[in-house]
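Residues per chain, in single letters:
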Amino acid sequence: MNSRQFTFLTREEAYLKGGDFNPDRMIELLKDIETQALREGFAGLRVTGEMSWILTKKPGVDRLIEYEAKLNDFIPSSKSIALCQYHERLFEPDILYDVLRTHPLIIIHDQLCENPYFLPTDEFMIISRGERVTKHIYERIRDDILERQDSLNERKRADE
């Protein structure tokens with residue numbers, strides 16, 4: 001802690017700063033903390049968030065999934081690694097379902113898994129707003145299904 005390699009922020013200092021939750025403000029906070037870490041000579045930032053703060057019903061918590069989706073735009077171009085922690089017994093299945101759709105990698109119980117249900121941010125936001133699915137989205141999903149089937153068929157042939 002004294003070397004500043006490890007820092008704790010309360011939910012009020014991070015997610016609920018100002019008394020409400022704003023996904024864009026949270027992403028900016030992560031960017032600022034990453035910039036500070038790099039300036040202090042660290043190679044990057046590792047961040048984890050215990051997500052039960054959304055159960056507070058504070059203004060903006062209904063934008064949680066927007067934040068989870070936007071993390072996918074920030075993380076790949078950053079020097080940050082993030083782990084969002086959801087206690088299954090505390091959250092409604094619809095929230096957990098959306099969380100699954102917004103993360104390319106997930107840890108379920110003790111297993112790290114590639115997530116076949118992941119949707120890129122732009123696709124997830126279109127679908128979550130109830131907008132029409134574009135031809136591009138359909139073709140990406142179709143092609144993913146075909147690639148997965150090809151892999152399964154190839155494994156099956158190798159086993160035989």
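### As for the overall build of the protein chain
- Scanning the protein chain from N- to C-terminus turns up 5 helices and 4 strands.
- Counting from the amino terminus, the protein chain carries its helices and strands in the arrangement α-β-α-β-α-β-β-α-α.
- Seen as two clouds, the 23 positive and the 30 negative side-chain charges of the protein chain have centres 2 Å apart.

### Quick look at the packing of aromatic side chains
- Applying the stated rule across the entire model yields 7 aromatic pairs.
- Both rings, one in Tyr86 and one in Phe91, keep their centres 5.1 Å apart while their planes meet at 65 degrees; by these two values the pair is edge-to-face.
- A residue is classified by how much of its surface remains accessible, and Tyr86, at 17% relative accessible area, is buried.
- Judged by its relative accessible area of 6%, Phe91 falls in the buried class.

### Some words on the layout of surface pockets
- For the largest pocket, the calculated volume is near 1,000 Å³.
- Surrounding the largest pocket, 32 residues form its lining, Thr7, Leu45, Arg46, Val47 and Thr48 being those nearest its centre.
- For the lining of the largest pocket, the elements supplying multiple residues, two or more each, are helix H1 (23-39), strand E1 (45-50) and strand E2 (80-85).
- In terms of residue class, the lining of the largest pocket is built from 18 nonpolar, 8 polar and 6 charged.
- Counted as a void, the second largest pocket has a volume near 800 Å³.
- Along its surface, the second largest pocket is lined by 21 residues, and Leu83, Cys84, Leu105, Ile106 and Ile107 are the ones closest to its centre.
- Residue assignment for the lining of the second largest pocket shows that the elements contributing at least two residues are helix H2 (64-74), E2, helix H3 (93-101) and strand E3 (105-108).
- For the lining of the second largest pocket, the element with the most residues is E2, which contributes 5 residues.

### Some details on the pairing of strand E4 (residues 111-114)
- As defined by bridge partners, E3 adjoins E4 across 4 bridges and the pair is classed as antiparallel. Its bridge partner being in E4, Leu105 is matched across the sheet by Glu114.
- Between E3 and the antiparallel strand that follows it, E4, lie 2 residues; His109 among them carries a positive phi value of about 55 degrees.

### Observations regarding H1
- Along its 17 residues, H1 runs 24 Å from first to last C-alpha, staying within 8% of the 24 Å computed at 1.5 Å per residue.
- When H1 is considered as a whole, its buried residues turn out to be Pro23, Met26, Ile27, Leu29, Leu30, Glu34 and Ala37. Along H1, the residues classed as buried sweep out an arc of 155 degrees about the axis, all on the same side.
- Those residues of H1 that are buried lie in contact with E1, H2 and E2.
- Looking at where H1 begins, the residue whose side-chain oxygen comes 2.9 Å from the main-chain nitrogen of Asp24 is Asn22.
- Note on H1: the residue one or two positions beyond its end, Gly41, has a positive phi of about 95 degrees.

### Concerning the side chain of Thr121
- Among the secondary structure elements, Thr121 is positioned in helix H4 (residues 121-128).
- Side chain to side chain, Thr121 and Asp73 meet in a polar contact 3.4 Å long.

### Looking at the pattern of salt bridges
- One pass over the full model with this rule turns up 12 salt bridges.
- Where Asp24 meets Lys70, a salt bridge forms, and the shortest distance between an N and an O atom there is 2.7 Å. Of this pair, Asp24 sits in helix H1 while Lys70 sits in helix H2, and the two are 46 residues apart along the sequence.
- Here Asp24 falls in the partly exposed class, since its relative accessible area comes to 38%.

How each quantity is defined
- Residues numbered from 1 in each chain as written.
- Predicted model: local features only at pLDDT ≥ 70, side-chain atom pairs only at ≥ 80, totals over all residues.
- Heavy atoms only, no water.
- Helix = DSSP H or I, 4+ residues; strand = E, 2+ residues; numbered from the N terminus.
- Lys, Arg positive; Asp, Glu negative; His and termini not counted.
- Charge placed at Lys NZ, Arg CZ, Asp CG, Glu CD.
- Phe/Tyr/Trp six-rings, centres within 6.5 Å; stacked < 30°, edge-to-face > 60°.
- Buried < 20%, exposed > 50% of the residue type's maximum accessible area, 1.4 Å probe, protein only.
- 1 Å grid on protein atoms, 1.4 Å probe; cavity = no way out; pocket = protein on both sides within 12 Å on 5 of 7 lines; lining within 4 Å.
- Points joined across faces, edges and corners; volume = space filled by probe spheres on them.
- Nonpolar A, V, L, I, M, F, W, Y, C, P; charged D, E, K, R; others polar.
- Pairing = 2+ DSSP bridges.
- Expected span 1.5 Å × (residues − 1).
- Arc of directions from axis to C-beta.
- Contact = heavy atoms within 4.5 Å.
- Polar contact = N/O pair within 3.5 Å; in protein donor to acceptor, adjacent residues only side chain to side chain.
- Salt bridge = Lys/Arg side-chain N within 4 Å of Asp/Glu carboxyl O.

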